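# Fold and contact review
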Amino acid sequence: TFTMAYELNLKSTADGLKIFQTPIKEYESLRKVPFELKDGTITTDSENILENLKGTRYEIIAEITPEGRGAQVGFNLRTKGSQVTKVYYNLSGQTLIVDRSSSGANPNGNFPKAYSKTVKLKDGKLKLHIFVDESNIEVFANDGEEVASLLIFPDPDSDGMEFFVKNGTAKC
């Protein structure tokens with residue numbers, strides 16, 4: 001698959017030495033006016049804070065504090081109708097999931113549906129840095145400690161997005 005250019009860094013962690021991957025700084029020059037939410041609390045019943053945002057190419061930088069037993073927090077990306085690519089965190093399982101089972105076209109019958117990785121919160125927080133374009137999603141968790149790079153094939157007009165919380169709250 002085609003992926004972004006990464007910077008690799010060897011860092012010492014509680015589990016020993018680990019390679020961290022982060023997007024190169026040059027991508028920052030492509031940024032436009034950001035949408036920001038600071039010091040907000042989102043619940044299961046909250047309205048979609050991203051409802052008025054549309055796009056097929058964008059970057060998301062999020063620091064989330066999930067709270068509540070069994071809480072799930074995350075993003076539905078490249079949405080329209082039944083199409084959605086989900087990036088979410090399951091607090092009870094400490095699992096980050098990128099689910100492309102409803103992302104759009106399936107180029108072959110064996111196209112993987114979801115990707116999951118164990119990701120531990122750092123000081124109770126999850127940091128996500130997500131890049132989305134017409135056919136790719138790149139997810140960097142906790143400053144590049146874990147990375148997912150997946151192909152997606154949504155329709156060109158699948159341009160919606162949503163932040164969601166299930167079974168708890170999230171501070172952003």
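Here the structure is shown first, and the text comes after it.
First, a word on what this report is: a plain description of the structure on this page. (Residues numbered from 1 in each chain as written. Predicted model: local features only at pLDDT ≥ 70, side-chain atom pairs only at ≥ 80, totals over all residues. Heavy atoms only, no water.)

## Section: the overall build of the protein
Summing up its helical and strand segments, the protein has zero helices and 13 strands in all. Relative to the 2.2 N^0.38 estimate, which gives 16 Å for 172 residues, the radius of gyration of the protein is 16 Å and therefore close to what a compact globule would have. Its C-alpha atoms put the protein at 45 × 40 × 35 Å along the principal axes. Averaging the positions of the 21 positive and the 24 negative side-chain charges in the protein gives two centres separated by 3 Å. (Helix = DSSP H or I, 4+ residues; strand = E, 2+ residues; numbered from the N terminus. Rg over C-alpha atoms; globule rule 2.2 N^0.38 Å. Lys, Arg positive; Asp, Glu negative; His and termini not counted. Charge placed at Lys NZ, Arg CZ, Asp CG, Glu CD.)

## Examining the sheet that holds strand β13 (residues 169-171)
One open sheet holds the six strands; their spatial order is β3-β13-β4-β9-β10-β11, and the pairing between them is antiparallel. Edge positions in the sheet fall to β3 (41-43) and β11 (146-151), since each has one partner strand and no second. Averaged over neighbouring strand pairs, the angle between their axes works out to 25 degrees when direction is ignored. In this sheet, strand β10 (residues 136-141) lies alongside strand β9 (residues 126-132) in antiparallel orientation, the contact comprising five bridges. Among the inter-strand pairings, H129 is bridged to a residue of β10, identified as F140. (Pairing = 2+ DSSP bridges. Axes fitted to C-alpha atoms, helices over the stretch in contact; angles between N-to-C directions.)

## Focus on the nonpolar core
Among the nonpolar cores identified, the biggest contains 28 residues, and F75, L77, L128, I130, I137, V139 and F163 are the most heavily contacted of them. Leave out the neighbours within four places in its chain, and L128 touches I60, I61, A62, I64, F75, L96, V139, F140 and A141. (Core = buried A, V, L, I, M, F, W, Y, C linked by side-chain atoms within 4.5 Å. Buried < 20%, exposed > 50% of the residue type's maximum accessible area, 1.4 Å probe, protein only. Contact = heavy atoms within 4.5 Å.)

## Here's the deal with the pattern of salt bridges
Opposite charge on two side chains allows them to pair when their charged atoms are near. Taken as a whole and judged by the stated rule, the model has 10 salt bridges. The partner of E59 in a salt bridge is R31, with the nearest N and O atoms 2.8 Å apart. Here E59 is found in strand β4 (residues 58-67), whereas its partner R31 is found in the loop between β2 (16-23) and β3, with 28 residues between them in sequence. The salt bridge involving E145 is made with K122; its shortest N-O contact spans 3.2 Å. Highlighted residues: E145 in the loop between β10 and β11 and K122 in the loop between β8 (114-118) and β9, separated in sequence by 23 residues. Overall, the relative accessible area of 13% leaves E145 in the buried class. Given a relative accessible area of 40%, K122 falls into the partly exposed group. When salt bridges with common partners are traced through the structure, they connect K18, K117, K122, E145 and E146 into a single cluster. (Salt bridge = Lys/Arg side-chain N within 4 Å of Asp/Glu carboxyl O.)

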